[in-house]
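Architecture and fold: a report
Here are the chains, one letter per residue:
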Amino acid sequence: MQMKKLLLAVLSFIVFLFPLSAQEQKKQSGKEPLFGKAMASYPIVSNELSGACFYLVGGHGGPDPGAIGTYNGHKLHEDEYAYDIVLRLGRELLMRGAKVHFIIQDKKDGIRNGSVLKNSKRETCMGKEIPLDQVARLKQRSLKIDELYRKDKSVYKRAVFVHIDSRSQGKQTDVYFYHAPGSKQGKRLADRMKNTLATKYKKHQPGRGFKGTVSERNLYVLRNTQPAGVYLELGNIRNSRDQQRLVLENNRQALAKWLAEGIVADYKVGKK
Ligand SMILES: [Zn+2]
């Protein structure tokens, strides 16, 4: 009799425990294999971005490495760094309850630590081979964004294109934000992202000064996609001081987090 009672107590305790934890699990975390094994699971820490949907695009990819810099004898390719930051940004957005589409993908490279990110040509446009021809390449990703945009029911949908600039070696640059000519929503988002970065740098690197700018630019992907968007240039890949922003994994992470916070600030005013 007592044994039966004990067994019942244990059983009901297990039943009590497990459905709850499964439910909790569902609400508080998610999984994205693109982030790589170690980072695939992410906690959902807030619902600040619930109802928002993003199209994130790492610049270049596949046969096109984008700008190339040299660091300690290694070649740094723009597409690898842009992609790493896109993944980190996407994870930050997902953690805040957003829906995220990664337009450029690499099945093998997840979120990577370390300063020299190995170069590859594996990137695809959501599984489709990326053409080398520039117009065909930009058209492919723009069409993909629009195809998804038509299906997404969210009221707030934004595209973010991440690039790293290439200027002469001696020229240090800051983070530049571009929006399509005349795009009020694009400008508002760019302003919020820029202001967030300025505030963060002031706090974490006082004396650095922030010279990032927001401006209009007649770029194919901004002009030819439905959602309002922002196109970022994160620095000069050939300048050794700008390279610090890219090669230090903590800097890539901080940048992604701050950009996500800028997006949250925009969503707060833009979701109505
Ligand atoms: Zn680029």
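A few points on the structure. (Residues numbered from 1 in each chain as written. Predicted model: local features only at pLDDT ≥ 70, side-chain atom pairs only at ≥ 80, totals over all residues. Heavy atoms only, no water.)

**Some points on the overall build of the protein**
Rules: Put simply, DSSP marks the helices as runs of H or I at least four residues long and the strands as runs of E at least two long, and each gets a number from the N terminus on. We call a residue buried when its accessible area falls under 20% of the maximum for its residue type, exposed when it is over 50%, and partly exposed in between, using a 1.4 Å probe and counting protein chains only. Here the accessible surface of atoms and residues is derived via Shrake-Rupley with a 1.4 Å probe, and residues count as covered only by protein chains that are part of the display. Under the convention used here, Asp and Glu are negative, Lys and Arg are positive, and both His and the chain ends fall outside the count. In this description, the location of a charge corresponds to atom NZ of lysine, CZ of arginine, CG of aspartate or CD of glutamate.
Helix and strand counts for the protein come out as 7 helices and 13 strands. Projected onto its principal axes, the C-alpha positions of the protein cover 85 × 45 × 45 Å. Here the protein holds 272 residues, and the buried ones make up 50% of them. Of the roughly 14,200 Å² that the protein leaves accessible, carbon and sulfur atoms contribute 54%. The averaged location of the 26 negative side-chain charges in the protein is 5 Å from the averaged location of its 49 positive side-chain charges.

**Considering the sheet that holds strand β12 (residues 213-216)**
Pairing between the strands of a sheet is mediated by backbone hydrogen bonds and can be parallel or antiparallel. To keep things clear, this is the line we draw: A strand pair is defined by DSSP finding two or more bridges across the two strands. Here the axes come from fitting lines to C-alpha atoms, over the contacting stretch only for helices, and the angles between their N-to-C directions go from 0 to 180 degrees.
Read across the open sheet, the 6 strands follow the order β6-β3-β10-β13-β11-β12; overall the sheet is mixed. If you trace the sheet from one side to the other, it starts and ends with β6 (99-102) and β12, each paired once. Put simply, the sheet's adjacent strands are angled 25° from each other on average, direction ignored. Taken together, the 4 bridges between strand β3 (residues 52-58) and β6 define a ladder with parallel strand orientation.

**Overview of the state of the cysteines**
Cut-off, in case you're wondering: When two cysteine sulfur atoms lie within 2.5 Å, the pair is treated as a disulfide.
Per the stated rule, a full pass over the model turns up 0 disulfides. The structure places no disulfide on C53, whose sulfur is separated from the nearest cysteine sulfur, that of C125, by 15 Å. Under the relative-accessibility criterion, C53 is labelled buried at 0%. Assessed through its relative accessible area of 1%, C125 is described here as buried.

**Examining the packing of helix α6 (residues 240-247) against helix α7 (residues 249-270)**
Counted only if it meets this: Orientation is classified from the angle alone, with under 35 degrees giving roughly parallel, over 145 giving roughly antiparallel, 65 to 115 giving roughly perpendicular, and any other angle giving oblique. In what follows, residue pairs with any heavy atoms lying within 4.5 Å of each other are defined as contacts. The residue classification treats Ala, Val, Leu, Ile, Met, Phe, Trp, Tyr, Cys and Pro as nonpolar and Asp, Glu, Lys and Arg as charged. All others, Gly included, are polar.
Running from amino to carboxyl end, α6 crosses α7 at an angle of 75°, the nearest separation of the two axes being 5 Å. Regarding the angle of α6 to α7, the classification is roughly perpendicular. Contacts between α6 and α7 pair Q244, R245, L246 and V247 from the former with E249, N251, R252 and L255 from the latter. When grouped by side-chain class, the residues that make up the contact of α6 with α7 number 3 nonpolar, 2 polar and 3 charged.

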